[in-house]
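Structure at a glance
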Amino acid sequence: MTTLMIQGTTSDAGKTTVVAALCRWLARQGVSVAPFKPQNMALNSAVTVDGGEIGRSTALQALACGLEPHSDMNPVLLKPQSDCGAQVILRGQVHGNMEALDYHAYKAEAMKAVMEAWRSLSERYDVIIAEGAGSPAEVNLRANDIANMGFAEAADCPVLLVGDIDRGGVFAQLVGTLALLSGSEQQRTKGFIINRFRGDISLLEPGLDWLTERTGKPVLGVLPYLHGLIVDSEDSIGTSGSSEADALNVIVPVLPRISNHNDFDPLRLHPGVNLQFIGPDQTIPSADLIILPGSKSTRTDLAFLHSQGWPKAIRKHLRYGGKVFGICGGFQMLGEQVDDPNGLEGGAGSTNGLGLLEMTTTMVAGKQLRNVSGTLTFQTDMSGSDRVVFSGYEMHNGVSEGAALAQPLGCMKGSSEGAMSTDGQVAGTYVHGIFDEPAACDALLHWAGLNQSGSAVDYQQHRLAQLDRLADQVEQHLDTAWLRELLNLNPTAINLEEIRHSE
């Protein structure tokens, strides 16, 4: 077993995509490979095959390897609930809520879960590609570090450092980060990858030579800026715009604790949808469809909506015939009240909902985590069918009750799912990924007012195509012979990728 760790000079330097690219490149050559992220802080997560949850980006990397996501791949997941507190998930299961200082003291214990998960993966796969978090040069967090060099030292694995040239100052990023590492950490840093380059590479080459001369570390390669790349993101929320005159205008409030915003990637890709995320203090524009996204702290985000004037805007939107849709926490907000008697998502208490669906939600211990599938049951007026298949996953503590649930959005294995108002203008679901299946996406957008059908993207196939695109960049722009040697792979072995490209 060989472990290689990819660390970055900053958050969003491209660690996730580089790990996904390496995983896909190795998997296409028949190498037994798995991703690993010791610690992640993210509100975008995925349900695992063993009934846990991990960061969404690690699940994407598992897909790159041809694997089902497993909780061992991301043993520590921190889901922020406030500026100073988070829900701590160990090997897929909720451990509890901790303030930042308490968690900092707990990291030595969390490290045990990290190493147990890594050893478990190591017994099952030949190569582990690990991803760091943030930057290893965050000197204030060095004590008991488990996310970057702390893990690399414990696992005794080599490290490659990724810098984002598109941000500017990439040489300062790389040299400065290396300078802030300890002697042993500098030694295990074997080289650099420069990410998101656009321009004439010959103008960059003198800088690459200087970097190697200055540090004694090779530059493994320069990866280009990939226009139009849409893969599961951890740190950034992307929008899209359609040039079509009859595009469906969709707006989504950016909640302080918005979760699983990857739900909207299929809409970003849809040629007939103009998707906008509306941030704090932005003017709320007119739209055809308002979608309330998932939330890690439903009551707190409800208060945010009130402070930003969303309830008034939504009522006006409905008076003019617009549609409103809620996903998970956003679905709970559509009801009359959200109760959290035990403070599972923060302080205990109750908060009035938007009152658009006749139901109440109570937060209860024991998070619902499961992959699901079912059929939409409302009349779609598409292809003469009123049954459209959807799939996705549930991830919530809330239990909703009320008359609104008597008119469900869909059904799963005989049980009802979600709700739709009697006038057909308001609907919601607990299912994340509800737009992933093209037929379900088409049906829901048709309900919202989009006249065209059959234009939705097959999101799973899109993700696989993007992963292949990333793997192609590894083959074209990185020193793959050097990589194979670093990974203890036979450098003279038949390169299946070269065979694939020659056919």
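Residues numbered from 1 in each chain as written. Predicted model: local features only at pLDDT ≥ 70, side-chain atom pairs only at ≥ 80, totals over all residues. Heavy atoms only, no water.

1. Digging into the overall build of the protein chain
- Counting secondary structure elements, the protein chain contains 15 helices and 26 strands.
- Its C-alpha atoms give the protein chain a radius of gyration of 23 Å, within 12% of the compact-globule value 23 Å for 503 residues.
- Dimensions of the protein chain, computed from C-alpha atoms along their principal axes, come out at roughly 70 × 55 × 40 Å.
- The buried share of the protein chain, taken over its 503 residues, is 59%.
- Across the protein chain, contacts joining residues at least 24 apart in sequence account for 73% of those joining residues at least 6 apart.
- When the accessible surface of the protein chain is summed, it comes to about 19800 Å², and 48% of that surface belongs to carbon and sulfur atoms.
- For the protein chain, the centre of its 36 positive side-chain charges and the centre of its 57 negative side-chain charges are spaced 3 Å apart. (Helix = DSSP H or I, 4+ residues; strand = E, 2+ residues; numbered from the N terminus. Rg over C-alpha atoms; globule rule 2.2 N^0.38 Å. Buried < 20%, exposed > 50% of the residue type's maximum accessible area, 1.4 Å probe, protein only. Contact = heavy atoms within 4.5 Å. Areas by Shrake-Rupley, 256 points an atom, 1.4 Å probe, with all protein chains shown as cover. Lys, Arg positive; Asp, Glu negative; His and termini not counted. Charge placed at Lys NZ, Arg CZ, Asp CG, Glu CD.)

2. Some thoughts on the side chain of His270
- Within the secondary structure layout, His270 lies in the loop between helix 8 (265-269) and strand 15 (273-278).
- Engagement of the side chain of His270 in a polar contact is seen with the backbone nitrogen of Gly272, the distance being 2.9 Å.
- Residues contacting His270, with those up to four places away along its chain left out, are Cys441, Asp442, Leu445, Leu450, Gln452, Ser455 and Ala456. (Polar contact = N/O pair within 3.5 Å; in protein donor to acceptor, adjacent residues only side chain to side chain.)

3. Details of the pairing of strand 26 (residues 426-429)
- Covered by surrounding structure in strand 26 are Val426 and Gly428 together with Ala427 and Thr429, the residues of both alternating faces.
- Sheet analysis places strand 25 (residues 419-420) next to strand 26, joined by two bridges and oriented antiparallel. Directly across from Met420, in strand 26, lies its bridge partner Ala427.
- Where strand 25 folds back on strand 26, the antiparallel hairpin that results is connected by five residues, among which Gly424 adopts a positive phi of roughly 75 degrees. (Pairing = 2+ DSSP bridges.)

4. Side note on the layout of surface pockets
- Approximately 590 Å³ is the volume attributed to the second largest pocket.
- In terms of lining, the second largest pocket is formed by 24 residues, of which the most central are Asn371, Tyr393, Asp436, Gln460 and Arg463.
- Among the residues forming the lining of the second largest pocket, the class breakdown is ten nonpolar, seven polar and seven charged. (1 Å grid on protein atoms, 1.4 Å probe; cavity = no way out; pocket = protein on both sides within 12 Å on 5 of 7 lines; lining within 4 Å. Points joined across faces, edges and corners; volume = space filled by probe spheres on them. Nonpolar A, V, L, I, M, F, W, Y, C, P; charged D, E, K, R; others polar.)

5. Looking at a positive patch on the surface
- On the surface, a cluster of positive charge is contributed by Lys312, Arg315, Lys316 and Arg319.
- Here Arg319 falls in the exposed class, since its relative accessible area comes to 62%. (Patch = residues over 30% accessible without salt bridge, like charges linked within 9 Å, V, L, I, M, F, W, Y side chains within 5 Å. Salt bridge = Lys/Arg side-chain N within 4 Å of Asp/Glu carboxyl O.)

6. What to know about the sheet that holds strand 3 (residues 39-41)
- Read across the open sheet, the four strands follow the order 3-6-7-8; overall the sheet is mixed. Each edge of the open sheet carries a strand with a single partner, namely strand 3 and strand 8 (93-99). Across the sheet, the mean angle separating the axes of adjacent strands is 25 degrees when strand polarity is ignored.
- Of the strand pairs in this sheet, strand 3 and strand 6 (residues 76-80) are connected by three bridges, and their pairing is parallel. Bridged to Met41 within strand 6 is Leu78. (Axes fitted to C-alpha atoms, helices over the stretch in contact; angles between N-to-C directions.)

7. Some words on the environment of Asn262
- Among the structural elements, Asn262 can be located in the loop between strand 14 (258-259) and helix 8.
- The class of Asn262 is buried, set by a relative accessible area of 3%.
- Here the alpha-carbon distance between Asn262 and Leu211, two residues 51 residues apart in the chain, equals 37 Å.

8. Digging into empty space enclosed by the protein
- The full count for this structure, using the stated rule, is one cavity of 30 Å³ or more.
- Empty space within the largest cavity amounts to approximately 160 Å³.
- Around the largest cavity, the lining comprises 18 residues; the ones closest to its centre are Ser295, Lys296, Glu345, Met395 and His396.
- Counting only elements with at least two residues in the lining of the largest cavity, the list comes to strand 17 (294-295), helix 11 (329-333), strand 21 (360-376) and strand 22 (388-401).
- The greatest single-element share of the lining of the largest cavity, amounting to four residues, is contributed by strand 22.

9. Observations concerning helix 2 (residues 56-65)
- For helix 2, the buried fraction is high: ten of the ten residues fall into the buried class.
- Among the residues of helix 2, Arg56, Ser57, Thr58, Ala59, Leu60, Gln61, Ala62, Leu63, Ala64 and Cys65 are the ones counted as buried.
- Downstream of helix 2 by a residue or two, Gly66 has a phi angle that is positive, lying close to 80 degrees.

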